[in-house]
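Read off the chains here:
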Amino acid sequence: MPGNSDLDQMPILIDESEDERDDSSESEDYEENGRIDAVDATERLKAEANLMVGAGRYADAIRSYERALEINKSNDEEARKNYYIILKNNIAFCHLQRKNYNEALESALDAIKCGSKNCKSFCRASKAFIGLSQPENAFISLKKGLDVVRVAETETLRKEIQSLKEKYPRIESKIQETSWKKINLDAIAKRTKPYSGKQMSVESEVNEESSDEEVDIQVESKATTKSGSPKKSKSKSAARKQKKKAAEVKTQTPEPVQVQKPSEVHPERVEEQAVESKPKEVCEEEKIQDQFNQLIKDGSIALREKVANTSSEYMWKALEILRNKYHQLKWRDVKEENNLDIVAIKYVYGRACVETSKYDNIVRAKHIFDDILTIYKSVRFPAVHLGYGRLYSKLNRFDEAKKSVQNGLAYLDKNLPFSTCNWPGLPTTPIEETIRENLHNILTELLTELKQPHSPDAVCRFQDCLTQQNHILPSENIFLSDPDYRGHYRIQCRENCRLEYHKVCWGALKG
């Protein structure tokens, strides 16, 4: 929520139509203050976030950069692209400082996919790959950058490549030269496993817009004999002849059955055979459970580290599995409406949605909290009242927030029993607000804040204001920190008298 003094002084969005500007009679009494510049607002938030980075407040900086990305959507195409790349690069840097390498890689790759020619995008993607134990992919990122970035920035990439070679002396020999510019780093990131110290094969894909040609990058490996010693190298023509001859022999004679001695049986193969012997349905069920458990764990970790957008995405995917495959999870004998674990997952998702500060996400959170109070009413979960309080506070609907907090305190005063819940996927880490004493303290503190809410930045003067708004809780008050704020109109006379309107209300008034 913007609270910085610079943001408090941001100009108000005023945007009159051409007809109004040409009306000489109105222009004598009123003057236009000017329209808020989305570029200026984006720049302000970026500058604020940069200060946070300088102070080591990386989580707060990420939130400001993400808010700037939302405002940036209103810029023209060229400015939008330039700011998108800069902001994504900065977000990647913050995630690297927090050692959130997956998120750092995602942000850096977003900048690259947008057409970044900034060496920082490729350097930060490379550092994220290193953090994920994928030095080959880090090398590929830097090589692609050499073919893409501006000539003046290639020296930075060459230094990074040299540093990588010093740390991994054999890395260059493992990767074939190719047309690096066509490499799709996003595809590589999704298809490769963490580096294990062994030689590995990396297949790359070409960006769809560049070409239909397929490009392969292979990490070279030496062929070995059955005894484990390296085979002598052969010419390409001899290898082709041998391969052709082997194929002919294979079609003429059946392969002999090889019987392994007990001492030669590998435990890995025994494990593979055991998995293959399981029914297909069981294997599929275990796969779904593993995927679900990983999603809720990642979602919980992300929210605990204040990365709300990432958390909401993980939890949304987990809820999709719940909706479609509930009986394939571990709760087959528990009714969903009585399941405390499901309520905890939904609550964490709702909380993550609120913390993104995006209006659409906040609406989703309200639906989730409504479900907890109605569909899951048999589960005692008073923390949902705190969820409502934070949600309405984020919307600057302070009266509703106060009522929700008071409902939560009233519930606690009844001394009704309820269970402490752990973070989904983290079985030994309780959610702080599901502990009775913690919940009481948090609610009391929030109620104190709500008794002195900050004043609105403007008040709409349109008579039918509340009926014109497409908002879950319409209000005449206008706050620059409203998640759905997109500007408003201010009409001011020469004696500084002013009338202010929501954009939709001004449209209705003039229409």
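From a predicted model like this one, the values you see are computed outputs, not experimental measurements. Each chain has its residues counted from 1, running along the sequence as written. This being a predicted model, a pLDDT of at least 70 is required before a residue's local features are given, and a value of 80 or more before pairs of side-chain atoms are given or counted; all residues contribute to the totals for chains, interfaces and linings. As a convention, hydrogens and water are excluded, and side-chain values are obtained from all of the structure's heavy atoms.

Could you give an account of the packing of aromatic side chains, with specific residues and numbers?
Aromatic rings from Phe, Tyr and Trp, with only the six-membered ring used for Trp, were paired whenever their centres fell within 6.5 Å, and each pair was classed as stacked if the ring planes differed by under 30 degrees, edge-to-face if by over 60, and tilted otherwise. This structure, assessed with the given rule, holds ten aromatic pairs. For the pair Y347 and F369, a centre-to-centre distance of 6.1 Å together with 35° between the ring planes defines the contact as tilted. One end of the pair, Y347, is in helix α16 (residues 340-355); the other, F369, is in helix α17 (residues 359-374), with 22 residues separating them in the sequence. When sorted by exposure, Y347 lands in the same class as F369, which is buried. With centroids separated by 5.8 Å and ring planes inclined at 85°, the aromatic side chains of F398 and F479 adopt a geometry described as edge-to-face. With F398 in helix α19 (residues 398-413) and F479 in the loop between β3 (477-478) and β4 (488-493), the pair connects residues that are 81 residues apart, well separated along the chain. Accessibility expressed as a relative area gives 13% for F398, which makes it buried. One aromatic cluster in this structure is built from Y347, F369, F381, Y388 and Y392. Here a helix means four or more residues in a row that DSSP labels H or I, a strand means two or more in a row labelled E, and each is numbered from the N terminus. Burial status follows relative accessibility: with a 1.4 Å probe on protein chains alone, a residue under 20% of its type maximum counts as buried, one over 50% as exposed, and anything between as partly exposed.

A description of the side chain of T42 should follow, citing residues and the corresponding values.
For T42, the location among the structural elements is in helix α4 (residues 38-54). For T42, a relative accessible area of 0% translates into the label buried. Beyond its immediate stretch of four places on either side in the chain, T42 contacts A68, I71, N72, N75, Y83 and L87. For this analysis, residues touch if any pair of their heavy atoms sits within 4.5 Å.

Outline the side chain of N309, listing residues and values.
By the element assignment, N309 lies in helix α15 (residues 308-325). A distance of 2.6 Å separates a polar atom in the side chain of N309 from a polar atom in the side chain of E66. Setting aside residues up to four positions removed in sequence, N309 forms contacts with E66, T356, K358 and N361. Pairs of N or O atoms within 3.5 Å make up the polar contacts considered here, provided that, within protein, one atom can donate a hydrogen while the other can accept it, and that residues adjacent in sequence are counted only when both atoms are side-chain atoms.

Requested: an account of the nonpolar core, with residues and values cited.
Buried residues of nine kinds, namely Ala, Val, Leu, Ile, Met, Phe, Trp, Tyr and Cys, make up a nonpolar core once their side-chain atoms join them within 4.5 Å. F292 and F369 are the most contacted members of the largest nonpolar core, which totals 59 residues. Within the residue set of this core, elements represented by two or more residues are α14 (280-304), α15, α16, α17, α18 (383-394), α19 and α20 (436-450). Excluding residues that lie within four positions of it along the chain, F292 makes contacts with A318, I321, L322, L329, W331 and I345. With 30 residues, the next largest nonpolar core counts A104, A108, L146 and V148 among its residues.

I'd like a rundown of α17, residues and numbers included.
To estimate the expected span of a helix, count its residues, drop one, and scale the result by 1.5 Å. Taking 1.5 Å of rise per residue, 16 residues should cover 22 Å, and α17 covers 23 Å from first to last C-alpha, within 8% of that figure. Of the residues making up α17, those classed as buried are Y359, N361, I362, V363, A365, K366, I368, F369 and I372. Buried residues along α17 sit against α15, α16 and α18.

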